[in-house]
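Geometric and topological summary
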Amino acid sequence: MAEEKKKDRTKWFREMKSELKKVVWPTGKTTTKNTGTVLLFSLVVGAAIWIFDYVAVSAVHLLIGLAG
C-alpha cells in the first residue's frame, strides 16, 4: 500500500515537471507592461468609485437638508 502511494506521488511529480516545461513564461517586458496596465486601471476604477461616493454622499446631504 505504501509503495503504491509512493509510486503515485512520483508519477504525479514527473507529470507536473513535464507540464511545467510546456508553459510559455512571459518576458520581463511583458510582465512590466501588464503590471502597469493593472495599476492604471486600478487607479481609474478607484477614482470612479471615489467620485461616485462623493456624489452619493452629497446627494444624501442635500436630501436631508431639504427634508429637515
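A brief report on the enclosed structure follows. (Residues numbered from 1 in each chain as written. Predicted model: local features only at pLDDT ≥ 70, side-chain atom pairs only at ≥ 80, totals over all residues. Heavy atoms only, no water.)

**Some remarks on the overall build of the protein**
The number of helices and strands found in the protein is two helices and zero strands. Relative to the compact-globule value of 11 Å for 68 residues, the protein shows a C-alpha radius of gyration of 27 Å, a clear excess of over 25%. If you line up the protein on its principal axes, its C-alpha atoms span 80 × 40 × 10 Å. A buried classification covers 0% of the 68 residues belonging to the protein. For the protein, the exposed area adds up to about 6800 Å²; of that, 70% sits on carbon and sulfur atoms. (Helix = DSSP H or I, 4+ residues; strand = E, 2+ residues; numbered from the N terminus. Rg over C-alpha atoms; globule rule 2.2 N^0.38 Å. Buried < 20%, exposed > 50% of the residue type's maximum accessible area, 1.4 Å probe, protein only. Areas by Shrake-Rupley, 256 points an atom, 1.4 Å probe, with all protein chains shown as cover.)

**Some words on the packing of aromatic side chains**
Scanning the model with the defined rule gives one aromatic pair in all. Taking 5.0 Å as the distance between ring centres and 80° as the angle between the ring planes, the aromatic pair formed by Trp 12 and Phe 13 counts as edge-to-face. (Phe/Tyr/Trp six-rings, centres within 6.5 Å; stacked < 30°, edge-to-face > 60°.)

**Some words on the pattern of salt bridges**
Applying the stated rule across the entire model yields two salt bridges. Between Glu 15 and Lys 11 there is a salt bridge whose closest N-O contact spans 4.0 Å. Residue Glu 15 and its partner Lys 11 are located together in helix H1 (residues 2–22), separated by four residues, close to a single helical turn. Taking relative accessible area as the criterion, Glu 15 reaches 43% and is therefore assigned partly exposed. For Lys 22, the salt bridge is made with Glu 19, and the minimal N-O distance between the two is 3.2 Å. Here Glu 19 and Lys 22 lie together in helix H1, a separation of three residues that amounts to about one turn. Among the residues examined, Glu 19 registers a relative accessible area of 46% and is labelled partly exposed. (Salt bridge = Lys/Arg side-chain N within 4 Å of Asp/Glu carboxyl O.)

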